[in-house]
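Structure assessment
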Amino acid sequence: MPAPGTIEQLARDVTSSPDAENALRALTALRLELDTVERDLVARAVGAGATWSQVARALGVTKQAAHKKHRHLTGASATGAPKILVTSESRRSIQLAREEARRLGQAVGTEHILLGILRCDQSHAVKALNALGVTLDAARDCLQSTLVIAPHHPGGPTSSGESDPKITPHARRILEGSLREAVKRGEGYIGVEHLLLALLTDSRNGATQTLEALRATPASIRRQLDHEWDAVAAAPSPQQE
């Protein structure tokens, strides 16, 4: 689900911004957030046993429309390939990475993705990083930037009304790599942890250099992340307690 207050703030921006262009940007962001909420709720309903007819009635659309839009939530595609969902928390981490890049007046690089991950403080990725002494403040203090000032942000940080900074090709490769990490682990979603694992695959990027400056190596992070996952798997279910 989106961060608390995100949808409310975007709705206020849509209805109260005196600048039409800013209001349209907020409207676009609001639609994306609502789409994420809808996917999460439909997945939850279907997982709980709701039929497509019930889902359609709740959404106020036809059964065919509901199934066409959300059928990927229930399994494989027509070719048999598994459908990979992107969690709302993972999407949020990229939004936060954009905020960090905007603050520095840069295009979004791997180092900003690391900061975005560290701001998702409920994730297993952050718990693993914190256990190794990697905190948001520490990462910001010794950020190893590999980027120059973005062309449309020539003086440094931008105002909230300006367009989002672009994502560098290197950072896009990391986003693509998160899919490979999810598939490799046999998981049907891309979470914040998969983004972190993808960052660790390239020792040359700014994120990995920042982590190593904080004495956290890719190998130690993977071990700690596995430890976090194992702890969750070993925890008793509510029925067992």
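Look up: the structure comes first, before these words.
Summary of the structure given here. (Residues numbered from 1 in each chain as written. Predicted model: local features only at pLDDT ≥ 70, side-chain atom pairs only at ≥ 80, totals over all residues. Heavy atoms only, no water.)

Within the chain one finds 12 helices and two strands. Counted from the first residue to the last, the chain has its helices and strands arranged as α-α-α-α-β-α-α-α-α-α-β-α-α-α. Taken across its 241 residues, the chain has 38% of its residues classed as buried. Sequence separation of at least 24 residues holds for 62% of the intrachain contacts in the chain that already meet a minimum separation of 6. Surface accessibility of the chain: about 13300 Å² in total, with carbon and sulfur atoms responsible for 53%. (Helix = DSSP H or I, 4+ residues; strand = E, 2+ residues; numbered from the N terminus. Buried < 20%, exposed > 50% of the residue type's maximum accessible area, 1.4 Å probe, protein only. Contact = heavy atoms within 4.5 Å. Areas by Shrake-Rupley, 256 points an atom, 1.4 Å probe, with all protein chains shown as cover.)

Turning next to the environment of Leu199. With respect to the element layout, Leu199 can be found in helix H10 (residues 192–199). A relative accessible area of 0% means that Leu199 is categorised as buried. Spatially, the C-alpha atom of Leu199 lies 7.9 Å from that of Leu114, the residues being 85 residues apart in sequence. Discounting chain neighbours no more than four positions away, the residues touching Leu199 are Thr110, Ile113, Leu114, Ile117, Ile174, Asn205, Ala207 and Thr208.

All right, on to the pattern of salt bridges then. Evaluated as defined, the whole model comprises nine salt bridges. Ionic pairing is found between Glu38 and Lys69, a salt bridge with its closest N-O pair at 3.2 Å. Highlighted residues: Glu38 in helix H2 (residues 20–47) and Lys69 in helix H4 (residues 63–70), separated in sequence by 31 residues. We note a salt bridge from Glu100 to Arg119, for which the minimum N-O separation is 3.1 Å. In this pair, Glu100 is assigned in helix H5 (residues 88–104) and Arg119 in the loop between helix H6 (110–118) and helix H7 (124–131), connecting sequence segments 19 residues apart. What emerges from the salt-bridge pattern is a single network uniting Glu99, Glu100, Arg103, Arg119 and Arg140. (Salt bridge = Lys/Arg side-chain N within 4 Å of Asp/Glu carboxyl O.)

We now examine the side chain of Asp202. Along the chain, the position of Asp202 falls in the loop between H10 and helix H11 (206–213). At 2.9 Å, the side chain of Asp202 forms a polar contact with the backbone nitrogen of Arg204. If we ignore the near neighbours within four places in the chain, the residues touching Asp202 are His170 and Thr208. (Polar contact = N/O pair within 3.5 Å; in protein donor to acceptor, adjacent residues only side chain to side chain.)

Moving on: the environment of Ile221. Following the sequence through the fold, Ile221 ends up in helix H12 (residues 218–234). In sequence terms Ile221 and Leu132 are 89 residues apart; their C-alpha atoms lie 7.6 Å from each other. Each residue touching Ile221, except ones within four places of it in the same chain, is listed here: Leu129, Leu132, Leu196, Leu200, Leu211 and Ala216.

For the rest of this paragraph, the subject is the nonpolar core. Ranked by internal contacts, the top residues of the largest apolar core, which has 37 residues, are Ile113, Ile117 and Leu129. Broken down by secondary-structure element, the contributors of at least two residues to this core are H5, H6, H7, helix H8 (136–141), helix H9 (169–184), H10, H11 and H12. The element contributing the most residues to this core is H10, with six residues. Filtering out sequence-adjacent residues up to four positions away, Leu129 remains in contact with Leu114, Ile117, Leu118, Val134, Leu196, Leu211 and Ile221. Counting residues in hydrophobic clusters, the runner-up holds five residues, among them Val42, Val55, Ala56 and Ala66. (Core = buried A, V, L, I, M, F, W, Y, C linked by side-chain atoms within 4.5 Å.)

The element H6 is largely enclosed, with a buried count of nine among its nine residues. For H6, the complete set of buried residues consists of Thr110, Glu111, His112, Ile113, Leu114, Leu115, Gly116, Ile117 and Leu118. Considering only its buried residues, H6 is in contact with H5, H7, H8, H9, H10 and H11.

Turning our attention to unusual backbone geometry. Of note, the phi angle at Arg215 is positive, near 65 degrees, even though the residue is not glycine. One can find Arg215 in the loop between H11 and H12. Overall, Arg215 belongs to the exposed group, its relative accessible area being 77%.

This paragraph deals with the side chain of Glu100. The class of Glu100 is buried, set by a relative accessible area of 1%. Reaching out from Glu100, the side chain makes a polar contact with the side chain of Arg140 at a distance of 2.5 Å. Sequence-distant contacts of Glu100, defined by excluding residues within four places in its chain, comprise His112, Leu115, Arg119 and Arg140.

Note that all results are geometric; they support no functional claim without further evidence.
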